[in-house]
Amino acid sequence: DTTFLLQFSESMDVASLIATNFSFSSGIAVENVTLQDAFGYEVMVEISAPYTAGILHSLTLNSIRDCAGNALSNNSFEFAKGRMPLAYELIITEIMAKPTPSEGLPEVEYVEILNTSSDIISLENVVLADLVGSSRLKDQILSPGEYLVLAPNSGADQLPGSMGLFNWPNLN
């Protein structure tokens, strides 16, 4: 959580790839910038301390130029690492069990979940289970107030934006 690999789509002016030209929100200091290739396509940025999980951070690039001397047009990027949800921060808001007749919806069982916290949470190591089986959710983040639909892999393509799960629990 203290290193970032940045990749550029073109060769950069390596003289502009210095620590003072990179700044992070939340007062995180840049310790070192190391070229990963001679042409500045990749740099490793090391920060002074791990960034806090659960909140949105930004990285701003100042005075960075390509080899032709052109300054980067988009110089600020946001990133986050979700934290594990606490009890009652990730709740089930809807269950569609046995969707037949479908009443115009896809004939796919699903569960809708909601991040009720004020932080960005990670679904890594979150488990959806019934009495006989379980399914570990994929590593994905949910912003505060964001919903996500979970569905069996076999029907997830019918529910755009849903997360497909290999071992689907028995919704009874």
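Residues numbered from 1 in each chain as written. Predicted model: local features only at pLDDT ≥ 70, side-chain atom pairs only at ≥ 80, totals over all residues. Heavy atoms only, no water.

## Remarks on the packing of aromatic side chains
Counted by the stated rule, this structure contains five aromatic pairs. For the ring pair Phe4 and Tyr51, a centre distance of 5.6 Å and an interplane angle of 35° mean the geometry is tilted. With Phe4 in strand S1 (residues 3-7) and Tyr51 in the loop between strand S4 (42-47) and strand S5 (57-61), this residue pair connects regions lying 47 residues apart in the sequence. Ring plane angle 65° and centroid distance 5.0 Å describe the contact between Phe4 and Phe79, whose orientation is recorded as edge-to-face. In this pair, Phe4 is assigned in strand S1 and Phe79 in strand S6 (residues 76-79), connecting sequence segments 75 residues apart. (Phe/Tyr/Trp six-rings, centres within 6.5 Å; stacked < 30°, edge-to-face > 60°. Helix = DSSP H or I, 4+ residues; strand = E, 2+ residues; numbered from the N terminus.)

## Structural notes on the pairing of strand S8 (residues 110-115)
Of all six residues in S8, six are buried; the element is thus mostly enclosed. Side chains Tyr110, Glu112 and Leu114 of S8 all project onto a buried face; the interleaved residues Val111, Ile113 and Asn115 project onto the opposite face, where all are buried too. As paired strands, strand S7 (residues 90-96) and S8 are joined by six bridges and run antiparallel to one another. Paired with Glu94 across the strands is Glu112, a residue of S8. (Buried < 20%, exposed > 50% of the residue type's maximum accessible area, 1.4 Å probe, protein only. Pairing = 2+ DSSP bridges.)

## Looking at the layout of surface pockets
Considered as a void within the structure, the largest pocket measures approximately 210 Å³ in volume. The wall of the largest pocket is formed by 15 residues, among which Leu6, Gln7, Phe8, Leu61 and Phe77 lie closest to the centre. Residues of the lining of the largest pocket, tallied by class, amount to ten nonpolar, three polar and two charged. (1 Å grid on protein atoms, 1.4 Å probe; cavity = no way out; pocket = protein on both sides within 12 Å on 5 of 7 lines; lining within 4 Å. Points joined across faces, edges and corners; volume = space filled by probe spheres on them. Nonpolar A, V, L, I, M, F, W, Y, C, P; charged D, E, K, R; others polar.)

## Overview of the sheet that holds S4
Spatial strand order, S1-S4-S3: three strands in an open sheet with antiparallel pairing. One side of each edge strand has no neighbouring strand; the edge strands of this open sheet are S1 and strand S3 (30-35). Along the sheet, successive strands turn relative to each other by an average axial angle of 20°, direction set aside. Where S1 and S4 come together, five bridges link them in antiparallel fashion. What sits directly across from Thr3, in S4, is Glu46. (Axes fitted to C-alpha atoms, helices over the stretch in contact; angles between N-to-C directions.)

## Re the nonpolar core
Membership of the largest hydrophobic core comes to 18 residues, with the highest contact counts inside it found for Phe22, Phe24, Val43 and Val45. Contributions of two or more residues to this core are made by S1, strand S2 (22-24), S3, S4 and S5. Leave out the neighbours within four places in its chain, and Val43 touches Phe4, Leu5, Leu6, Phe8, Leu17, Phe22, Val33, Thr34, Leu35 and Gln36. Counting 13 residues, the second-largest nonpolar core is a separate cluster that includes Val111, Leu123, Leu137 and Leu165. (Core = buried A, V, L, I, M, F, W, Y, C linked by side-chain atoms within 4.5 Å. Contact = heavy atoms within 4.5 Å.)

## Re the sheet that holds S5
In space, the three strands of this open sheet follow the order S2-S5-S6, with antiparallel pairing throughout. Edge positions in the sheet fall to S2 and S6, since each of these pairs with one other strand and no more. Going from strand to strand, the sheet's axes swing by 20° on average, the running direction of each strand aside.

## Quick look at the pattern of salt bridges
Following the criterion strictly, the structure yields four salt bridges and no others. In this structure, Lys81 and Asp1 form a salt bridge, with 3.0 Å as the shortest nitrogen-oxygen distance. Taken together, the residues Lys81 in the loop between S6 and S7 and Asp1 in the segment before S1 connect sequence positions 80 residues apart. With relative accessibility at 35%, the residue Lys81 sits in the partly exposed group. Its relative accessible area of 48% is what places Asp1 among the partly exposed residues. Of the charged contacts, one joins Glu89 and Arg83 as a salt bridge, the two residues approaching to 2.9 Å between their closest N and O atoms. Of the residues examined, Glu89 reaches a relative accessible area of 14% and is grouped as buried. Under the relative-accessibility criterion, Arg83 is labelled buried at 18%. (Salt bridge = Lys/Arg side-chain N within 4 Å of Asp/Glu carboxyl O.)

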